[in-house]
Amino acid sequence: MRHLLFAAFVALLPAVSSARTVPDQALPKPVRKLAEAIDAADAKDCGKAVKLAERLAEAKGGLNELGQSLALDTLARCAFMTGDKAQAAVLIRRATAFDAASDDIWHRRLQIDLLAQDWDAAVGSVEAMVTDGRGGALNRISEEAISHLDNELRRAKRKDLQKRLLQVLASDGYSPTDLFADTDLYRRRLAIQMAEEGDTARAKALVEGLTDPWSVARASLDLRLRRFLPADPDIRALLERRLEGRLRIMRANPDRLEPLIYVASDLRKLGRVEQALKVLQTAAPQIAEADAYVDAAKHGSWWWDELSRTYVALGRFDEAADALRKGGELSENGGSNVSQTINLAHLQVRAGRSGDALKTLAAFMTTPHNISPYGEVALRSARACAFADTGNRAEALKDVAYIRDHQLDAPGSLDGVALCVGDLDGAAAALIKRLEDPDERVDALLDLSDYDDPPVKLPDNIFNRDNKKLIERPDVKAAIASAGGTRRFRIQG
């Protein structure tokens, strides 16, 4: 029996206190058939599932509206699994037409839209959760799913759909249940659209409501938004205020790793690196125990990742590399680890161990890995710099060519990797192009801005050794000035 079915049983059988305690033979026949249909779909036996669910999806099938919605959900799943995406979309919309449809069925609707890459339908599903009074379902959508949709709309250059999505995500009604969800990201971007369309009052209200330090920092660098902020907003004060809130979440959730990671990250950005290390180390005695933290499967590898970043800030590269190796031993999204392995390669290049970095990345050449477009660019960035550092310029340039053709997958990567291979002109051209792009220039200026000196001076490396030459070029200086100039932030970069 699946979790959706258990929820259905409670509604279908109000006299039963717990459906899990009811023997199958004691359940009404339609409910038993629904259970069989769902189990068949779970087992990918769609022939059996469809045969059972088709009659149950109708009122004459003997189920109430919740049961019918579950039967339609089962039919939609099977339609999708057997390749009929259009029919799956029709069936899942019939399922969500019932007021009794569960949040999970609404999530299935969005999932089908996303997997079908039907971006109009996906945005429509998000909007429907608002208009149909399903705010709870909307708020429970994972941040990863929302981010995926947002990124795909950007890649598809669908500004019309982006605006509709942002209108929902920037509304007061959107309050995601993820502990550290950041809606300021969407409010700032909607403010940009409002400013561009001449709705100054709405743009101003959105910007003045921002509290996330990085959103405020970006707005302060944006020619379209900076007029709505003080001349020099105190980003450090905002970061300290955010840390206070995150500390409260951490104390209230001692069984979770995620709060430790976020608190340590804020402490590190404030230059309080030793404190960040102490916070992370509170989990060290239990980190190897599978059931010590309820979110270990999702955040365990990222605890090691943040530990590595903290060690790097202290100049302790050996311990930083060891942390990433241990994080890389953990699964990621149910498969082999990609993120920490790529991050280890970047660290090894930064530490002057490019030969080791190439060995780390060799696994990706021999074993299939599920790598996102962003991850592929990150991998090739590390490898290009490692090849360049070890004298293999020809191989490095192959990766640079790939990154040049896939800049949208990881904006800002090309100028950095061009520096690694000694192409100062190419790096300048890539950076100037970013500074001339209204959607890219803010992050470029954020990268170029001034920050507090690190607690420990770190050695130069192939990633940054030519940075000074780049930013002192007259053409780059002119582009920075034209983009609005950089700022000084009293935090770590």
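For the structure given in this document, a descriptive report is provided here.

1. Considerations on the overall build of the chain
When its secondary structure is counted, the chain shows 27 helices and zero strands. At 26 Å, the chain has a C-alpha radius of gyration in line with the 23 Å of a compact globule built from 493 residues. Principal-axis analysis of the C-alpha atoms places the extent of the chain at approximately 75 × 50 × 45 Å. A burial count over the chain gives 49% of its 493 residues as buried. When contacts within the chain are restricted to residue pairs at least 6 apart in sequence, long-range pairs at least 24 apart make up 62% of them. Looking at the chain as shown, the accessible area adds up to about 23500 Å², and 49% of this sits on carbon and sulfur atoms.

2. As for the packing of helix H21 (residues 373-389) against helix H22 (residues 393-405)
Relative orientation of the contacting elements H21 and H22 amounts to 155 degrees, with a least axis distance of 8 Å. With respect to H22, the axis of H21 lies roughly antiparallel. Crossing handedness for the pair H21 and H22: left-handed. Side by side, H21 and H22 meet where Glu376, Val377, Arg380, Ser381, Arg383, Ala384, Phe387 and Ala388 of the first sit next to Arg393, Glu395, Ala396, Asp399, Val400, Tyr402 and Ile403 of the second. In terms of residue class, the contact of H21 with H22 is made up of eight nonpolar, one polar and six charged.

3. Observations regarding the pattern of salt bridges
Taken as a whole and assessed by the stated rule, the structure comprises 43 salt bridges. For Arg490, the salt bridge is made with Asp234, and the minimal N-O distance between the two is 3.0 Å. Taken together, the positions of Arg490 in the segment after helix H27 (474-482) and Asp234 in the loop between helix H13 (213-221) and helix H14 (235-252) put the pair 256 residues apart, joining distant regions of the chain. Using a relative accessible area of 43% as the deciding quantity, one classes Arg490 as partly exposed. Measuring nitrogen to oxygen at the nearest pair gives 2.9 Å for the salt bridge that ties Asp452 to Arg488. Of the two residues, Asp452 is situated in the loop between helix H25 (441-448) and helix H26 (467-471) and Arg488 in the segment after H27; the sequence distance between them amounts to 36 residues. The exposure class assigned to Arg488 is partly exposed, which follows from its relative accessible area of 44%. Linked by salt bridges that have partners in common, Lys159, Glu196, Asp222, Arg224 and Asp439 make up one network.

4. Concerning the packing of helix H5 (residues 85-96) against helix H6 (residues 103-115)
At a minimum axis separation of 9 Å, H5 and H6 run at an interaxial angle of 160 degrees. The orientation of H5 with respect to H6, classified from their angle, is roughly antiparallel. Crossing of H5 against H6: the hand is left-handed. In contact with Lys85, Ala88, Ala89, Ile92, Arg93, Ala95 and Thr96 of H5, H6 contributes Ile105, Trp106, Arg108, Arg109, Ile112, Asp113 and Leu115. Looking at the contact of H5 with H6 residue by residue, the classes come out as eight nonpolar, one polar and five charged.

5. What to know about the state of the cysteines
Tallying each qualifying case throughout the model produces two disulfides. There is a disulfide in this structure between Cys46 and Cys78, and the S-S distance comes to 2.4 Å. Residues Cys46 and Cys78 share a disulfide whose torsion about the S-S bond is about -90 degrees; that sign makes it left-handed. Residue Cys46 is found in helix H3 (residues 46-56), and its partner Cys78 is found in helix H4 (residues 65-81); the two are separated by 32 residues along the sequence. Cys46 sits in the buried class, given a relative accessible area of 10%. Along the chain, the cysteines engaged in disulfide bonds are linked according to the scheme 1-2, 3-4 when indexed in sequence order.

6. Quick word on the nonpolar core
Counting 119 residues, the largest nonpolar core has Leu149, Leu225, Trp303, Leu307, Leu435, Phe489 and Ile491 as its most contacted members. The biggest single contributor to this core is H4, with eight residues. The residues contacting Leu307, other than those within four sequence positions of it, are Leu277, Leu280 and Ala323.

7. Structural notes on unusual backbone geometry
Of note, Gln117 is a non-glycine position whose phi angle comes to about 55 degrees, a positive value. Secondary-structure assignment places Gln117 in the loop between H6 and helix H7 (119-131). With a phi angle near 55 degrees, Lys157 is a residue other than glycine that sits in the positive phi range. Assignment of secondary structure puts Lys157 in the loop between helix H9 (143-155) and helix H10 (159-169). With relative accessibility at 69%, the residue Lys157 sits in the exposed group.

8. Regarding the side chain of Thr183
Examined against the element boundaries, Thr183 turns out to sit in the loop between H10 and helix H11 (184-196). Look at Thr183 and you get buried, because its relative accessible area is 17%. Discounting residues that sit within four places of it in the chain, Thr183 has contacts with Leu169, Tyr174 and Pro176.

9. Topic: H7
Given a rise of 1.5 Å per residue, 13 residues ought to cover 18 Å, and the 18 Å separating the end C-alpha atoms of H7 matches this to within 8%. Turning to H7, its buried residues are Trp119, Ala121, Ala122, Val123, Ser125, Val126, Ala128 and Met129. Its buried side turned inward, H7 meets H5, H6, helix H8 (135-140), H9 and H10. Of the residues trailing H7, Gly133 is marked for its positive phi of about 70 degrees.

10. Some remarks on the packing of aromatic side chains
On inspection of all chains with the given rule, the structure shows three aromatic pairs. Aromatic pair Phe180 and Tyr262: ring centres 4.2 Å apart, planes at 15 degrees, arrangement stacked. With Phe180 in the loop between H10 and H11 and Tyr262 in helix H15 (residues 258-269), this residue pair connects regions lying 82 residues apart in the sequence. On the basis of relative accessibility, which here comes to 8%, the residue Phe180 falls in the buried class. Taking the relative accessible area as the measure of exposure, Tyr262 reaches 26% and is therefore partly exposed. Between the aromatic rings of Trp303 and Trp304, the centroid separation amounts to 4.8 Å while the plane-to-plane angle is 85 degrees, which identifies the pairing as edge-to-face. Considered together, Trp303 and Trp304 belong to a single accessibility category, that of buried residues. For Arg380, the ring lying beneath its charged end belongs to Tyr402, and the centroid distance is 3.8 Å.

Cut-off values and rules
- What you see as residue numbers is a count from 1 along each chain, following the sequence as written.
- The predicted nature of this model means local features are confined to residues of pLDDT at least 70 and side-chain atom pairs, given and counted, to a pLDDT of 80 or more, with totals for whole chains, interfaces and linings taken over all residues.
- Note that the side-chain values use all heavy atoms of the structure and ignore hydrogens as well as water.
- Each helix is a run of H or I in the DSSP string that is no shorter than four residues. Each strand is a run of E no shorter than two, and both are numbered from the N terminus.
- For the radius of gyration, the atoms used are the C-alpha atoms, and the globule rule reads 2.2 Å times the number of residues raised to 0.38.
- Partly exposed residues are those whose accessible area sits between 20% and 50% of the maximum for their type, while under 20% is buried and over 50% is exposed, using a 1.4 Å probe and protein chains only.
- Contact between two residues is taken to exist if any of their heavy atoms lie within 4.5 Å; hydrogens are not considered.
- Here the open area of atoms and residues is found with the Shrake-Rupley method and a 1.4 Å probe, where only the protein chains shown may cover a residue.
- An axis is simply a line fitted to the C-alpha atoms; with a helix, the fit covers only the stretch in contact. Between two such axes, the angle follows the N-to-C directions and lies from 0 to 180 degrees.
- Any angle that falls under 35 degrees is termed roughly parallel, while one over 145 is termed roughly antiparallel, one within 65 to 115 roughly perpendicular, and all others oblique.
- Crossing handedness follows the turn of the near helix against the far one: under a right angle anticlockwise gives a left-handed crossing, and clockwise gives a right-handed one.
- Note that Gly is not counted as nonpolar here; it falls among the polar residues with everything else outside the nonpolar set of Ala, Val, Leu, Ile, Met, Phe, Trp, Tyr, Cys and Pro and the charged set of Asp, Glu, Lys and Arg.
- A carboxyl oxygen of Asp or Glu within 4 Å of a side-chain nitrogen of Lys or Arg is what we treat as a salt bridge.
- To count as a disulfide, a pair of cysteine sulfur atoms needs to be within 2.5 Å.
- Definition of nonpolar core: a set of buried residues of the types Ala, Val, Leu, Ile, Met, Phe, Trp, Tyr and Cys, connected through side-chain atoms within 4.5 Å.
- Between the first and last residue of a helix there are one fewer steps than residues, each counted as 1.5 Å, and that sum is the expected span.
- Here is the rule: rings of Phe, Tyr and Trp (six-membered ring for Trp) pair when centre to centre is within 6.5 Å. Planes less than 30 degrees apart are stacked, more than 60 are edge-to-face, and the remainder are tilted.
- The criterion is that NZ of a Lys, or CZ of an Arg, lies within 6 Å of the ring centre and within 35 degrees of the ring normal, and then a charge sits over that ring.

Any functional reading would require information beyond the geometric quantities listed.
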